[in-house]
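For reference, the chains in residue letters:
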Amino acid sequence: QVQLVESGGGSVQAGESLRLSCAASGYTFDRYCMAWFRQALGKEREGVARINNLEDEDVWTDYVDSVKGRFTISRDNAKNTLYLQMKSLKPEDTAMYYCAVINCRTWTKRFGDWGQGTQVTVSS
């Protein structure tokens, strides 16, 4: 079965940085597009960043406007690990962060249940 384990969250002050990790198993990691989602209390889960599967195409990444220029998504296929480097964090970034296997065109989650996520809390 597909397993995705998020880590690296924590409580920080505005302007500081965090690096999230997602350890993947149970599927061929380098064949699929991956993404980070987040869900703030009382709000819908939203896609934050995505990265292509790197099969034949050049590396391609995409970000929601609110994090563009501050967040960087990357992957290490040899380690089956997805990363999200978050800089200049803002209080509005506070949320539970999840990783997922997705259809890179639609953001649609491909398979597997949501993991437990990792909490990011940013104080002003």
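See the structure shown above.
One structure accompanies this document, and this report is about it. None of these values were measured; they are calculated from a predicted model. (Residues numbered from 1 in each chain as written. Predicted model: local features only at pLDDT ≥ 70, side-chain atom pairs only at ≥ 80, totals over all residues. Heavy atoms only, no water.)

## Focus on the side chain of glutamate 6
Position of glutamate 6 among the secondary structure elements: in strand β1 (residues 3–7). No salt bridge is formed by the buried glutamate 6. Its closest oppositely charged neighbour is arginine 45, at 7.4 Å. Of note is the side chain of glutamate 6, whose polar atom sits 3.0 Å from the backbone nitrogen of cysteine 99. A polar side-chain atom of glutamate 6 sits 3.1 Å from the main-chain amide nitrogen of glycine 117. Apart from residues no more than four positions distant in its own chain, glutamate 6 is found in contact with Ser21, Cys22, Trp36, Tyr97, Tyr98, Cys99, Gly115, Gln116, Gly117 and Thr118. (Helix = DSSP H or I, 4+ residues; strand = E, 2+ residues; numbered from the N terminus. Buried < 20%, exposed > 50% of the residue type's maximum accessible area, 1.4 Å probe, protein only. Lys, Arg positive; Asp, Glu negative; His and termini not counted. Salt bridge = Lys/Arg side-chain N within 4 Å of Asp/Glu carboxyl O. Polar contact = N/O pair within 3.5 Å; in protein donor to acceptor, adjacent residues only side chain to side chain. Contact = heavy atoms within 4.5 Å.)

## Things to note about the layout of surface pockets
In this structure, the largest pocket spans a volume of roughly 370 Å³. Lining the largest pocket are 15 residues, and of these Cys33, Asn53, Ile102, Asn103 and Cys104 lie nearest its centre. Among the residues making up the lining of the largest pocket, the classes are represented as five nonpolar, four polar and six charged. Of the volumes computed, that of the second largest pocket is approximately 180 Å³. Class assignment of the residues belonging to the lining of the second largest pocket gives a composition of two nonpolar, three polar and eight charged. (1 Å grid on protein atoms, 1.4 Å probe; cavity = no way out; pocket = protein on both sides within 12 Å on 5 of 7 lines; lining within 4 Å. Points joined across faces, edges and corners; volume = space filled by probe spheres on them. Nonpolar A, V, L, I, M, F, W, Y, C, P; charged D, E, K, R; others polar.)

## Some points on the state of the cysteines
On inspection of all chains with the given rule, the structure shows two disulfides. Between the sulfur atoms of cysteine 33 and its disulfide mate cysteine 104 the distance is 1.8 Å. In this pair, cysteine 33 is assigned in strand β4 (residues 33–39) and cysteine 104 in the loop between β9 (95–102) and β10 (118–123), connecting sequence segments 71 residues apart. Along the protein, the cysteines that take part in disulfide bonds pair up as 1-3, 2-4, counted in sequence order. (Disulfide = S-S within 2.5 Å.)

## Considerations on the sheet that holds strand β6 (residues 61–63)
Pairing within the open sheet is mixed, and its six strands lie in the order β2-β10-β9-β4-β5-β6. Two strands in the sheet have a free side with no partner beyond their single neighbour: β2 (10–13) and β6. Sheet twist, expressed as the mean angle between neighbouring strand axes with direction ignored, is 25°. With seven bridges joining them, β4 and β9 adopt antiparallel strand pairing. Residue pairing across strands places phenylalanine 37 opposite tyrosine 98, the latter belonging to β9. (Pairing = 2+ DSSP bridges. Axes fitted to C-alpha atoms, helices over the stretch in contact; angles between N-to-C directions.)

## Focus on the pairing of β1
Burial along β1 is one-sided: Leu4 and Glu6 are buried, and none of Gln3, Val5 and Ser7, which face the opposite way, are. By the bridge criterion, five bridges tie β1 to strand β3 (residues 18–25) in an arrangement that is antiparallel. Its bridge partner being in β3, glutamate 6 is matched across the sheet by cysteine 22.

## Details of the pattern of salt bridges
Scanning the model with the defined rule gives five salt bridges in all. A salt bridge links aspartate 93 to arginine 38; its shortest N-O distance comes to 3.0 Å. Taken together, the positions of aspartate 93 in the loop between β8 (81–86) and β9 and arginine 38 in strand β4 put the pair 55 residues apart, joining distant regions of the chain. Both residues of the pair, aspartate 93 and arginine 38, count as buried. Its salt-bridge partner being aspartate 65, residue lysine 68 comes within 3.3 Å of it at the nearest N-O pair. Put simply, Arg38, Glu46, Arg70 and Asp93 are held in one network by salt bridges that share partners.

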